[in-house]
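# Summary of structural features
Next come the chains, spelled out residue by residue.
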Amino acid sequence: MIRCTVCEKAFVCENEIVDVLGFEVCKECAQKYPPFLIKALNDVWYGYVALRNGHVLRWGEDNPGTPKIQGNWVYFPNVVWINKDTKDDFVDFATQGRGVWVRLDDIVWIADGNS
């Protein structure tokens, strides 16, 4: 039995399968999530994500990891903030080399690393 690589929903018919960058996902996930996020969920590597507040982070720094989705949140492992305000030093301290949960609605763009 084939399952969606994002939500793990089981496919009954092949016409329910959508290919997104080589990964088999259900139609709902293909419409809800951007292609590079779907790739990131299935590919241990690193990438970049821009947030609504203008911050950009890189995940998988020096220790590639796989983001995870839980409800309306995405976990990015091993983050490094690329362009942060100095007033956000606590955010940098609290998350540097660790992971961070980001609301899906706060993601402006996402890009995979040099894969």
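Our subject in this report is the structure included herewith.

Scoring rules and cut-offs
Residues numbered from 1 in each chain as written. Predicted model: local features only at pLDDT ≥ 70, side-chain atom pairs only at ≥ 80, totals over all residues. Heavy atoms only, no water. Helix = DSSP H or I, 4+ residues; strand = E, 2+ residues; numbered from the N terminus. Buried < 20%, exposed > 50% of the residue type's maximum accessible area, 1.4 Å probe, protein only. Contact = heavy atoms within 4.5 Å. Areas by Shrake-Rupley, 256 points an atom, 1.4 Å probe, with all protein chains shown as cover. Phe/Tyr/Trp six-rings, centres within 6.5 Å; stacked < 30°, edge-to-face > 60°. Disulfide = S-S within 2.5 Å. Pairing = 2+ DSSP bridges. Axes fitted to C-alpha atoms, helices over the stretch in contact; angles between N-to-C directions.

## Re the overall build of the protein
- Check the secondary structure of the protein and you find three helices and nine strands.
- Put simply, the protein runs from its N terminus to its C terminus through helices and strands in the order β-β-α-α-β-β-β-β-β-α-β-β.
- Counting across all 115 residues of the protein, residues that qualify as buried make up 38%.
- Summarising the internal contacts of the protein: among those between residues at least 6 apart in sequence, 44% fall at separations of at least 24.
- Of the roughly 7000 Å² of accessible surface on the protein, a fraction of 52% belongs to carbon and sulfur atoms.

## Some words on the packing of aromatic side chains
- Tallied over the full model, the rule gives three aromatic pairs.
- Between Tyr-46 and Tyr-48, the ring centres sit 6.3 Å apart and the planes meet at 85°, which makes this aromatic pair edge-to-face.
- Classification of Tyr-46 by relative accessible area gives buried; the value is 15%.
- Residue classification places Tyr-48 among the partly exposed positions, given a relative accessible area of 25%.

## Comments concerning the state of the cysteines
- One pass over the structure, following the stated rule, counts zero disulfides.
- Here Cys-26 stays unpaired: no disulfide links it, and the sulfur of Cys-29, its closest cysteine neighbor, is 3.6 Å away.
- We classify Cys-26 as buried; its relative accessible area is 2%.

## With respect to the sheet that holds strand E3 (residues 47-51)
- Pairing within the open sheet is antiparallel, and its four strands lie in the order E7-E4-E3-E9. The strands lining the two open edges of the sheet, one partner per strand, are strand E7 (80-81) and strand E9 (107-112).
- Bridge analysis of E3 against strand E4 (residues 56-59) gives four bridges, and the strand direction is antiparallel. Opposite Val-49, over in E4, you have Leu-57 as the bridge partner.
- Along the sheet, helix H2 (residues 35-42) contacts E4 and E9; its crossing angle with E9, the most-contacted strand, is approximately 55°.

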